[in-house]
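Structural features, examined
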Amino acid sequence: MRPITKSPSYLIRNPSSYCFRMNIPKDLQSMIGKRELRYSLRTGYLSNAKSKARLLAGQVQQLFNELRRSQNRLMELTDQQIQKMATKYLERVKATMDEPFGPDRGDRPYGDKASLNEYINGLADNKEDIRDEIAMGDYWRVKEAAVSLLSDFGVGANGIDEDSASFAKLCEWLLAADIRGLDYHKARLTGTAPVDIERAFNGVLVEGVSMAPMTPEPEEEPSILLPQLWELFKAEKVKIGRWRGNTIRNHTPKFTAFVQFVGDIPVNQVTKPMARDFRMLLDHLPPNFTKKGYPDLSVVSLKDLKGKHDKTLSVTTVRDYMLVISAMFNLAVEYDYIPVNPVTPGMIPDKKRNAREQRLPFSDPTDLNMLFDKELFIKWSKDRPERFWAPIISLYTGCRLEEACQLHAEDVKKIEGYWCFDFKGLTVADKEGEEEGQMLKNESAPRAIPLHPFLIDVLKLPEYASGVPGDGNKLLFPNLTKGPETNYKYSHGLSKAFSRYKNNKVGIKDSKKTFHSFRHTLTDNLKNEDVSEWMIEELEGRAGKSETSRRYSERFRVEKLYDKAISKLNYKVDLSHLFESKYVPKG
């Protein structure tokens, strides 16, 4: 990225938006762990970017000043110091466990074998509670002990910052020592060998709390940074034709969230606990979290999120995040930047088995009668031709919403004697296609679909298309546009408008019924008419399940689609009243 001319020094340009950048003063770099701060301003307008950047610059400067004021009381503990303190704490815990029950410790909490077994089972429950506290960063149990230990070891004389990373790590080790203490207590009660204090902190004490050895580990070879790996990953996807511009824009926020959480660090410093904690954070974030108070995950903790939001990211969304991050690290393994992928299969949620669990068809005739109610539908669509035509087109072709919205007037044409929709467009990366042209989802999406007689004889769609102002390559719905503000989709606004109409005007509030349900409605109708699955796949632009279903000729396709599929559509609802719309040519 290159700086923008005549812009503030903290403003730089991304391909589609502006980004805030500020160098971190040298005296604070070791404390923050970075040389510069970067933050997307999420706007492509220079004037807005300048305003946001100036405000952010002031806030960052205040943060720098606060860090300098608190620098004298911040402490940085080595792993060896923390280990010594935790060992001392565990010795105290063990000494307490060695004391017999009596006046000091109270009465024995069990009196027979059954109550003893119940007591021992309770120790396991306590261990699980402590593990949860470690994962959530909840240190209430050991905070007082941590402060006391720091004082005993003479490292808290200048004040103790309980929000520092060192203090949090010390608390994690003390909680881990509590777990070892419970193990020791159980060993005493069951007559097994006691826990060896000298070896208590070798290896991993509990999942997620790694105990550093007393001797320093050899430094790892330098590795590329995460942003460099992301650029390499994107380039590979584009090269093989799997990603184009819109796909990159959709996946980039997933990487941005991950790198905010773990930091702009070398690839070989990303650990499995980091990836696991990121997954746990996603499980507690609300939908559209960047717009709901969480634009920067570097300042978000799992402890703050626990139980805060009733509605959280869907399983599908969390799966999408983890799949993208995992695929990126798979490439790092292939390039020998890391030996293993830190994202293990268990961190990726299972895919929903049945697509119908996510989308349902509209019921015929109940839902269709409600959606196309004469008064409601014609009133809702009176000033927007796409609102009138797109639902009807999808109902009678099974096309996707974006496919209907990006149709050109010339795409309503006769092919081999049949009036058809010619769904066409690019399926690989292309700048012109993204900004102005038609884009299709996959290689099966380009297709010609014959028009149902209802669209020709009653709604006179070919006449409407021929009357669209402008030359033949103009959109069928010229008022639609796409760009950064619409996520490069013509259908962006209509999708939201239809959802509001369905929920608020019509009263169909089932979240599994969306515009996409028109495709399922057509599928169910044709299956009831015994239309073959491969014919429905061709109609809807889905990849065929067999090689044969993907290879029959275009001439055969148009004729057969009309005779064997389109002409058999037979909904149980009367839509003849739609003729009264102003968008239906009269005469």
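These notes cover the structure that comes with them. (Residues numbered from 1 in each chain as written. Predicted model: local features only at pLDDT ≥ 70, side-chain atom pairs only at ≥ 80, totals over all residues. Heavy atoms only, no water.)

Inspection of the entire model under this criterion finds 29 aromatic pairs. Measuring from centroid to centroid gives 6.0 Å for Trp230 and Trp243, while their planes differ by 55°, and the two rings are tilted. Placement of the pair is Trp230 in helix H7 (residues 226-239) and Trp243 in the loop between H7 and helix H8 (245-262), with a sequence separation of 13 residues. An identical accessibility class is assigned to Trp230 and Trp243; each is buried. Here a set of aromatic residues connected by ring pairs shows up, and it is made of Phe362, Phe372, Phe377, Trp380, Phe388, Trp389, Tyr464, Phe498, Tyr501, Phe515, Phe518 and Tyr583. (Phe/Tyr/Trp six-rings, centres within 6.5 Å; stacked < 30°, edge-to-face > 60°. Helix = DSSP H or I, 4+ residues; strand = E, 2+ residues; numbered from the N terminus. Buried < 20%, exposed > 50% of the residue type's maximum accessible area, 1.4 Å probe, protein only.)

Once that is clear, we can look at the pairing of strand E8 (residues 447-450). Judged by which residues are buried, E8 turns out to be covered on both faces: Arg447 and Ile449 on one side and Ala448 and Pro450 on the other are all buried. Pairing between strand E7 (residues 418-423) and E8: 4 bridges, direction antiparallel. Within the sheet, the bridge partner assigned to Asp422 lies in E8 and is Ala448. (Pairing = 2+ DSSP bridges.)

All right, on to helix H4 (residues 113-136) then. For H4, with 24 residues, the first-to-last C-alpha span of 35 Å sits near the 34 Å given by 1.5 Å per residue. What H4 keeps buried is the set Ser115, Ile120, Leu123, Lys127, Ile130, Glu133, Ile134 and Met136. Looking one or two residues past H4, Gly137 carries a phi angle of roughly 70°, positive in sign. (Expected span 1.5 Å × (residues − 1).)

Another aspect to go through is the pattern of salt bridges. Counted according to the given criterion, the structure contains 18 salt bridges. The residue Asp283 makes a salt bridge to Arg279 at a minimum N-O spacing of 3.0 Å. Of this pair, Asp283 and Arg279 both sit in helix H9 (residues 272-284), 4 residues apart, which is roughly one turn of that helix. By relative accessible area, Asp283 is classed as partly exposed at 30%. Residue Glu403 pairs with Arg447 through a salt bridge whose shortest N-O separation is 2.9 Å. Taken together, the positions of Glu403 in helix H15 (residues 401-405) and Arg447 in strand E8 put the pair 44 residues apart, joining distant regions of the chain. Each of the two residues, Glu403 as well as Arg447, counts as buried. The network of salt bridges with common partners includes Lys127, Arg180 and Asp183. (Salt bridge = Lys/Arg side-chain N within 4 Å of Asp/Glu carboxyl O.)

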